[in-house]
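Listed below are the residues making up each chain.
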Amino acid sequence: MRETKLTAHDFVLPLFVSEKIDKQRPIASMPGVFHLSVKEIVDEAQRAQDLGLQAVLLFGVPEHKDEQASGAYAENGIVQKALRAIKAKCPDLVTITDVCLCEYMSHGHCGVARIDGDHFHILNDETVELLVKTALSHAAAGADMVAPSDMMDGRVGAIREALDAGGFDQTGIMSYAAKFASAFYGPFREAAENPPQFGDRRSYQMDYANADEALREVALDIDEGADIVMVKPALPYIDILWRVRERYGKPTAVYHVSGEFAMVKVAAAKGIVDERAAVLEIMTALKRAGADIIVTYWARELVKWLRE
Ligand SMILES: [Zn+2]
């Protein structure tokens, strides 16, 4: 009689590849999550596939950062190298790449910044140009799907047009359509080494008080050609997830983010909750609320638990 059943195909595993290391390095605020070298991420991708997972989401940590985020679209950038290596070993594993500039920008913002005295602006259209270059270089390196996470206006349409013109009409777009400025991203900033050096991201991420605006953002991304729309974070936005899935009926993803992950990990380590029971309940709730795809740091464990 159970209405909602989790399967291995519900989950996408985020992986972090770093240009700065030869050996994996733990991310302190995210127990069990590591920065990996290119060689290690290939092995990790293979293990994920062998476990029964279908897809990974790649984030890169470059050696150098600059004001134009040039590492994001370098032919030999860290994500591009990782993609080619993973695709050589696991051609059937779906590779999704994070498309953003913050990991590659010296100031840590998701876009090109202009500073006027005490104020700064993120320049939307200049940023979109660089995002397009990044998406194209990922597609050329073998990405099956690109996932713009920056929240600039018009980027999904610009990326779709450039991919089609570049011969990558089969490369999909998973857009972070409703991404809220959230307190739950804290540990990820350590993972991606991208804390903003000044200001915050509220000028381009959404106010967590706004639900109708989220639906408008999602509608725009669908119009511009997004194949999958994403809501991020997950549990505090489960109402948004439900409304997006109900209203648009599009494949809908949700990102269970680092802070949500870390809270359960800390509570479990203190014996306050049972990790496995809590995670299965959370993931079932997300799927019940309409998620077709759940990006989660527990993807590997979930597959094992579902088998038992
Ligand atoms: Zn970003």
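Check the entry above for the structure.
Residues numbered from 1 in each chain as written. Predicted model: local features only at pLDDT ≥ 70, side-chain atom pairs only at ≥ 80, totals over all residues. Heavy atoms only, no water.

A. Local environment of the overall build of the protein. Counting its regular elements, the protein contains ten helices and twelve strands. For the protein, whose C-alpha radius of gyration is 18 Å, the value lies close to the compact-globule estimate of 19 Å for 308 residues. If you line up the protein on its principal axes, its C-alpha atoms span 55 × 45 × 40 Å. Taking contacts inside the protein between residues at least 6 apart in sequence as the whole, the part at least 24 apart equals 75%. A total accessible area of about 13200 Å² is found for the protein, and carbon and sulfur atoms account for 51% of it. The average position of the 34 basic charges and that of the 46 acidic charges among the side chains of the protein differ by 6 Å. (Helix = DSSP H or I, 4+ residues; strand = E, 2+ residues; numbered from the N terminus. Rg over C-alpha atoms; globule rule 2.2 N^0.38 Å. Contact = heavy atoms within 4.5 Å. Areas by Shrake-Rupley, 256 points an atom, 1.4 Å probe, with all protein chains shown as cover. Lys, Arg positive; Asp, Glu negative; His and termini not counted. Charge placed at Lys NZ, Arg CZ, Asp CG, Glu CD.)

B. Summary view of helix α3 (residues 124-141). The end-to-end C-alpha separation of α3 is 26 Å, in line with the 26 Å expected for 18 residues at 1.5 Å each. Buried within α3 we find T127, V128, L130, L131, V132, T134, A135, S137, H138, A139 and A141. Tucked inside the fold, the buried residues of α3 contact α2 (78-89), β5 (94-99), β6 (112-116), β7 (119-123), β8 (145-148) and α4 (155-165). (Expected span 1.5 Å × (residues − 1). Buried < 20%, exposed > 50% of the residue type's maximum accessible area, 1.4 Å probe, protein only.)

C. Structural detail: empty space enclosed by the protein. Per the counting criterion, the structure on display carries one cavity of 30 Å³ or more. Those elements that provide at least two residues to the lining of the largest cavity are β9 (172-179) and α5 (186-192). Split by residue class, the lining of the largest cavity holds seven nonpolar, three polar and six charged. (1 Å grid on protein atoms, 1.4 Å probe; cavity = no way out; pocket = protein on both sides within 12 Å on 5 of 7 lines; lining within 4 Å. Points joined across faces, edges and corners; volume = space filled by probe spheres on them. Nonpolar A, V, L, I, M, F, W, Y, C, P; charged D, E, K, R; others polar.)

D. Seen up close, the pairing of strand β10 (residues 228-232). With five of five residues buried, β10 lies mostly within the body of the structure. On β10, burial covers both faces: I228, M230 and K232 on one face and V229 and V231 on the other are all buried. Two strands pair when backbone bridges link them, and β9 and β10 are joined in this way by five bridges, in the parallel orientation. Residue pairing for β10: Y176 is matched across the bridge by M230. Where β10 lies against strand β11 (residues 252-255), three bridges are found, and the strand directions are parallel. Paired with V231 across the bridge in β11 is V254. In the classification by handedness, the crossover that spans β10, the intervening helix α7 (residues 238-248) and the parallel β11 is right-handed. (Pairing = 2+ DSSP bridges. Right-handed = clockwise from strand over helix to strand, strands pointing away.)

E. Highlighting the side chain of T284. Within the secondary structure, T284 is located in helix α9 (residues 275-288). Discounting chain neighbours no more than four positions away, the residues touching T284 are T4 and L6.

F. Fine view of the environment of I159. Its location among the elements puts I159 in helix α4. On the accessibility criterion, I159 (1% relative accessible area) is buried. Apart from the residues within four sequence positions on either side, I159 is in contact with L131, V132, A135, V146, P148 and I173.

G. Looking closely at a negative patch on the surface. Residues D125, E126, E129 and D153 make up a contiguous surface patch of negative charge. Inspection of the secondary structure assignment puts D153 in the loop between β8 and α4. (Patch = residues over 30% accessible without salt bridge, like charges linked within 9 Å, V, L, I, M, F, W, Y side chains within 5 Å. Salt bridge = Lys/Arg side-chain N within 4 Å of Asp/Glu carboxyl O.)

H. The arrangement of the pattern of salt bridges in detail. This structure, assessed with the given rule, holds 17 salt bridges. Notably, a salt bridge pairs D144 with K87, separated by 2.7 Å at the nearest N-O pair. Here the residue D144 occupies a position in the loop between α3 and β8, and K87 occupies one in helix α2, the gap between them amounting to 57 residues. A salt bridge links D150 to R155, with the shortest nitrogen-to-oxygen separation between them at 3.3 Å. By relative accessible area, which is 2% here, R155 ends up buried. Each of K39, D43 and K89 takes part in a single network of salt bridges with overlapping partners.

I. Main features of the layout of surface pockets. Approximately 170 Å³ is the volume attributed to the largest pocket. H9, F11, V12, Q54, A55, V94, I96, M145, I228, D292 and I293 are the residues that line the largest pocket. Those elements giving two or more residues to the lining of the largest pocket turn out to be β1 (11-18) and β5. Each residue belonging to the lining of the largest pocket can be placed in one class, and the counts come to eight nonpolar, two polar and one charged.

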